[in-house]
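Descriptive structure summary
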Amino acid sequence: MKTEWNYTALAPAYLKRPDYADSAIDQLVEISGVRAGDPVCDIGAGVGHLTRMLCGRDLRVVAVEPNDAMRELGTEHTPDNVTWHEGTGEDTGQRDHRFKLVTFGSSFNVTDRQATLKEVRRILVSRGWFACMWNHRDLTDPLQAQIEDLIREEIPGYGYGTR
């Protein structure tokens, strides 16, 4: 299943991206009330950064990723108890009312938000939780702005979705 966002060539570089803050994931788990063994779905899982962190809290994670290369690397770099599926935010291929928590780690911005929210509602249990997060760039920082300019020079029409 393909989307307009093709990360195939970038997949190996995503392994080098930083993880999310442990304290943020701990707060997410606490606020959402998920417990060890609860089913969660990480959509747009990429190479598995957020997926691994959720597994580290003993949650049963289903990772959904549309890009074959990202999904292959994610499968290689996550525990065997993660179940990987091809799908998108708009069409996860998951059963109705299955998950207590649905997450998007740096991926919600590249979806059709209305269709994705409808899909999330479908796969969440009653009173389940939805969360999206980013390791956001601060483009007022001179170094990060310079890096962004370099990327734009190399990749015509570059954009990173809507935040």
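Here the residue numbers are simple positions, counted from 1 along each chain's written sequence. Owing to the predicted nature of the model, reporting of local features is limited to residues with pLDDT of at least 70; listing and counting of side-chain atom pairs is limited to 80 or more, with chain, interface and lining totals taken over all residues. Based on all heavy atoms of the structure, the side-chain values leave hydrogens and waters out of the count.

**A word on the packing of aromatic side chains**
- Pairing of aromatic side chains requires ring centres within 6.5 Å, counting the rings of Phe and Tyr and the six-membered ring of Trp. Pairs whose planes differ by under 30 degrees are stacked, by over 60 edge-to-face, and all others tilted. Counted by the stated rule, this structure contains four aromatic pairs.
- Ring plane angle 80 degrees and centroid distance 5.7 Å describe the contact between Tyr7 and Tyr14, whose orientation is recorded as edge-to-face.
- Summarising the aromatic geometry, the rings of Phe108 and Phe130 are spaced 5.5 Å apart at their centres and angled 65 degrees between planes, so their arrangement reads as edge-to-face. Within this pair, whereas Phe108 is found in the loop between β4 (99-105) and α5 (113-123), its partner Phe130 is found in strand β5 (residues 124-133), the two being separated by 22 residues in sequence.
- Cluster of aromatic residues (ring-pair linked, three or more members): Phe104, Phe108 and Phe130. Under the scheme used here, helices are H or I runs from DSSP no shorter than 4 residues and strands are E runs no shorter than 2 residues, and both carry numbers assigned from the N terminus.

**Brief notes about the side chain of Thr111**
- With respect to the helices and strands, the residue Thr111 is situated in the loop between β4 and α5.
- Partly exposed residues are those whose accessible area sits between 20% and 50% of the maximum for their type, while under 20% is buried and over 50% is exposed, using a 1.4 Å probe and protein chains only. Take Thr111: its relative accessible area is 15%, and that puts it in the buried class.
- The definition of a polar contact used here is a pair of N or O atoms within 3.5 Å, where within protein one atom must be able to donate a hydrogen and the other to accept one, and adjacent residues in sequence count solely through side-chain atom pairs. One polar contact links the side chain of Thr111 to the main-chain carbonyl oxygen of Phe108, over a distance of 2.8 Å.
- A polar contact of 3.1 Å, which involves the side chain of Thr111, links it to the side chain of Thr116.
- Working rule for contacts: check all heavy atoms of both residues, and any pair within 4.5 Å makes them a contact. When near neighbours in sequence (up to four residues on either side) are disregarded, Thr111 contacts Gly89, Glu90, Phe104 and Thr116.

**So, unusual backbone geometry**
- Located in the positive-phi region is His97, a residue other than glycine, with phi close to 50 degrees.
- Backbone geometry at Arg127 places phi at a positive 65 degrees, although glycine is not the residue there.
- Within the secondary structure, Arg127 is located in strand β5.
- The exposure class assigned to Arg127 is exposed, which follows from its relative accessible area of 79%.

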